[in-house]
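Structural features, examined
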Amino acid sequence: MPDPEAFILANTRLQPVPHAPEISLWLADEVTPIWRLTEEELGEMGLPPPFWAFAWAGGQGLARWLLDNPAEVAGKRVLDLAAGSGLVGIAAIRAGAASALCADIDPFCAAAVALNAGANGVTLAFTDADLLGGVPPDVEVICAGDVFYEQPMAGRVLAWLTEAARRGTRVLVGDPLRTYFPKQGFDLLAEYAVPTTRELEDDAVKRTRVWTPSGKP
């Protein structure tokens, strides 16, 4: 890829996150143009949407929860799984986390996370490794926003997060009632009405919930 940072700067603009306006991100205003340009840049058609270019409802809800409940992450090592823009990682650092590792396999995400971290005056680590293929890392909190949108990824994520929770890691999930979110096994922590766009979602406001594994089958 020639220059992902230049691509992001040329095709997005820095703007506040609707449900967490304390944070600003480099975001696209429309889905179709940035999606098409991303496919052209990578020379591959049929790619998933550029998740890094939008503030998805689950991530917004999770970011809001962290900002409003800083004791959840204060002084702790945090993993932002499927980080996309790095929104949740930024919120974690803003809430007092000792460190935040953003993980995403999208080839644009390293640049997006770095740009967004810089825009918000925080430091984030990044990995493009597929963490779901191994043991959950040695962190105290794992945050996952909008990870239950398709199968079979939802199944892999659920098994991995369940194992992390079994090992004693605090797991926090932000989800706007996606199709593949588990019907049981999670406790509700908060619910928000998150502004979004009909370009991304089926409604201009998404009912978004923050959950943690209950430890029950």
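Everything here concerns the structure above.
Report on the accompanying structure. Keep in mind that this is a model prediction, so the values were computed, not measured.

Formed by 36 residues in total, the largest nonpolar core has its most connected members in I23, W65, L66, L124 and C143. Contributions of two or more residues to this core are made by β2 (20-27), α3 (57-68), α4 (87-94), β4 (99-103), α5 (109-119), β6 (141-145) and β8 (186-195). Leaving out residues up to four positions away in the same chain, I23 has contacts with Q15, P16, V17, L67, L87, I90, A91, R94 and N120.

Going through the model one piece at a time under the given rule, you end up with nine aromatic pairs. Consider the rings of W52 and F108, whose centres lie 5.2 Å apart with planes at 25°: the pair is stacked. Taken as a pair, W52 in the loop between α2 (31-42) and α3 and F108 in the loop between β4 and α5 lie far apart in primary sequence, 56 residues in all. Like W52, the residue F108 is buried in the burial classification.

Residue Q151 is joined to P152 through a cis peptide bond whose omega torsion reads 5°. For P152, the location among the structural elements is in the loop between β6 and α6 (153-166). Positive phi, close to 60°, is recorded for L177, a residue that is not glycine. Among the secondary structure elements, L177 is positioned in the loop between β7 (170-175) and β8.

Let us now look at the pattern of salt bridges. Enumeration over the complete set of coordinates arrives at twelve salt bridges. D138 is the salt-bridge partner of R77, the closest N and O atoms lying 3.4 Å from each other. Of this pair, R77 sits in strand β3 (residues 77-81) while D138 sits in the loop between β5 (125-127) and β6, and the two are 61 residues apart along the sequence. The exposure class of D138 is exposed, given its relative accessible area of 64%.

We now examine α5. Side chains of residues three or four places apart in an α-helix project in the same direction, reflecting 3.6 residues per turn. Every buried residue of α5 is accounted for by C109, A111, A112, V113, L115, N116 and A117. Of the surrounding secondary structure, the elements contacted by the buried residues of α5 are α1 (4-11), β2, α4, β4 and β5.

Turning our attention to the sheet that holds β4. In spatial order, the strands read β5-β4-β3-β6-β7-β9-β8; together these seven strands make up an open sheet with mixed pairing. Each edge of the open sheet carries a strand with a single partner, namely β5 and β8. Here the strands of the sheet are splayed against their neighbours by 20° on average, with no regard to which way each runs. One ladder, built from five bridges, connects β6 with β7; its direction is parallel. The partner of A144 across the bridge, within β7, is V173. Strand contacts of α3: β6, β7, β8 and β9 (205-213), with the helix running at about 110° to β8, the strand carrying the most contacts.

A few words now on the state of the cysteines. Scanning all chains against the criterion turns up zero disulfides. There is no disulfide at C102, and the cysteine sulfur nearest it, in C109, is 9.0 Å away. You can call C102 buried: its relative accessible area is 0%.

Attention now goes to the environment of C143. Tracing the backbone shows C143 in strand β6. For the pair C143 and A83, spaced 60 residues apart in sequence, the C-alpha separation works out to 8.9 Å. Apart from residues no more than four positions distant in its own chain, C143 is found in contact with L62, L66, V78, L79, D80, L81, V88 and L172.

If a strand is regular, its side chains alternate between the two faces of the sheet. Of all five residues making up β3, four are buried, and the element is well covered by its neighbours. Of the strand pairs in this sheet, β3 and β4 are connected by five bridges, and their pairing is parallel. Counterpart to L81 in the pairing with β4 is A103. In this fold, β3 hands off to α4, which returns the chain to β4; that crossover is right-handed. Sheet topology places β3 next to β6; four bridges connect them, and they run parallel. Its bridge partner lying in β6, L81 is registered against A144.

Definitions and cut-offs
Residues numbered from 1 in each chain as written. Predicted model: local features only at pLDDT ≥ 70, side-chain atom pairs only at ≥ 80, totals over all residues. Heavy atoms only, no water. Core = buried A, V, L, I, M, F, W, Y, C linked by side-chain atoms within 4.5 Å. Buried < 20%, exposed > 50% of the residue type's maximum accessible area, 1.4 Å probe, protein only. Helix = DSSP H or I, 4+ residues; strand = E, 2+ residues; numbered from the N terminus. Contact = heavy atoms within 4.5 Å. Phe/Tyr/Trp six-rings, centres within 6.5 Å; stacked < 30°, edge-to-face > 60°. Salt bridge = Lys/Arg side-chain N within 4 Å of Asp/Glu carboxyl O. Pairing = 2+ DSSP bridges. Axes fitted to C-alpha atoms, helices over the stretch in contact; angles between N-to-C directions. Disulfide = S-S within 2.5 Å. Right-handed = clockwise from strand over helix to strand, strands pointing away.

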